[in-house]
Amino acid sequence: MASSFERLTEIVSSAPAIAQPPKLLDRLRDHLRTRHYSIRTETAYVDWARRFILFHGKRHPQEMGGAEVEAFLTHLAVDRQVSASTQNQAKAAILYLYKQVLGVDLPWLDDVVQAKTPKRLPVVLTAREVRDLLLHMQGTTGLIAQLLYGTGMRLLEGLCLRVKDVEFARREVVIREGKGNKDRVTVLPENLMAPLQLQLQKARALHEKDVEAGLGRVHLPHALAVKYPHADRSWAWQWVFPSPVRSIDPRPDAVTGALLARRHHVYPESVQRAVREAAKLAQIDKPVSPHVLRHSFATHLLQAGYDIRTVQELLGHADVSTTMIYTHVLNKGGRGIMSPLDAL
């Protein structure tokens, strides 16, 4: 006859395991995904929350307050000497953690000082510098650089371009969910139509090879994978610039919840590195990045006489005052004046 201790052990072992509550950073990640934040915002916010916790000796944020937040932001500005935009991003991540995830709405959240972002003039290349830069770039990264200069897209807008959003007949590119979650239309350069069609042929061959291997499922925004179960394998939704390698998507599948091996788009750092190397070979003595091509696109359009409202729409700026920053190069010789030294 089994003893009472043995019966108790049997009851405990047969009882269902109590699910452990999710960790704080997992809660933050799930909260961001539920509200359709981009994967880059999710990664940045989770990283800043982790840094904040580690900075204060792994104390739980509920045990801390405004003094700890202020100390962390001061550390970033004084010790790390980060830029104002980086400091403000860290502050936004921490405030999101407190307000949205922990549900803490304390008055000190609004009292934390916001770093003032200085106004900087954009780096702009001359037409000759752009030509020299592009001549030193080849392959897929070279085509992406031409597309950024020819359309004014941001780097991630170009990399996240889907096949269905390239309109060859109308010579336009539809940019979906750009900065501020806004859609817009920009021009498709005539000189890029043939290279882009060749790129699509290469991308399609790669996609068909993936489908034959039982793969080829691209990540779809929001809940489209649930609404259209086979759309993630369709050609129209594939990336124009797919990555040469497959990787595990950190976002679980919308239907099964499993982590799938997908072919993402080209890695942004690959294009950034190629632009830097090309600028060095072209002997351009300016800090050159892919975003400089967007600045040059806007400036050269204004120099060609296009209306600033048109340029504003192409760039996707909410306010024309943002576009006005590109007019500084139109006033040659320091706002168009003649130096008194030249009159001597």
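This text follows the structure it describes.
Residues numbered from 1 in each chain as written. Predicted model: local features only at pLDDT ≥ 70, side-chain atom pairs only at ≥ 80, totals over all residues. Heavy atoms only, no water.

Q: I'm lost on the sheet that holds strand S3 (residues 184-187) in this one. Help?
A: Think of a sheet as strands paired side by side through backbone hydrogen bonds, with each pair either parallel or antiparallel. Spatially, the 3 strands line up as an open sheet ordered S1-S2-S3, and their pairing is antiparallel. Each edge of the open sheet carries a strand with a single partner, namely strand S1 (166-167) and S3. Across 4 bridges, the pairing between strand S2 (residues 172-175) and S3 is antiparallel. Bridging across to S3, Ile175 finds its partner in Arg184. (Pairing = 2+ DSSP bridges. Helix = DSSP H or I, 4+ residues; strand = E, 2+ residues; numbered from the N terminus.)

Q: Help me out: how do you make sense of helix H13 (residues 290-303) in this one?
A: An α-helix turns once per 3.6 residues; consequently, residues spaced three or four apart project the same way. When the terminal C-alpha atoms of H13 are compared, their 21 Å separation across 14 residues agrees well with the 20 Å that a helix rising 1.5 Å per residue should span. The buried count for H13 comes to 12 of 14 residues, which makes it a mostly enclosed element. Pro290, Val292, Leu293, Arg294, His295, Ser296, Phe297, Ala298, Thr299, His300, Leu301 and Leu302 are the residues of H13 that are buried. Those residues of H13 hidden inside the fold are in contact with helix H7 (127-135), helix H8 (139-151), helix H9 (155-159), S3, helix H12 (268-281) and helix H14 (308-315). Positive backbone phi, approximately 100°, marks Gly305, located one or two places after H13. (Expected span 1.5 Å × (residues − 1). Buried < 20%, exposed > 50% of the residue type's maximum accessible area, 1.4 Å probe, protein only. Contact = heavy atoms within 4.5 Å.)

Q: What's the story with the pattern of salt bridges in this structure? I'm lost.
A: Side chains bearing opposite charge may pair, as long as their charged atoms lie close to each other. A full pass over the atoms with the stated rule returns 21 salt bridges. Among the salt bridges present, the one from Arg176 reaches Asp165, with a minimum N-O distance of 3.1 Å. Remark: Asp165 occurs in the loop between H9 and S1 and Arg176 occurs in the loop between S2 and S3; sequence separation between them is 11 residues. The salt bridge partner of Arg170 is Glu167, with a shortest N-O separation of 3.7 Å. You can call Arg170 exposed: its relative accessible area is 54%. Via salt bridges that share partners, Asp26, Arg29, Arg33 and Glu42 belong to a single interconnected network. (Salt bridge = Lys/Arg side-chain N within 4 Å of Asp/Glu carboxyl O.)

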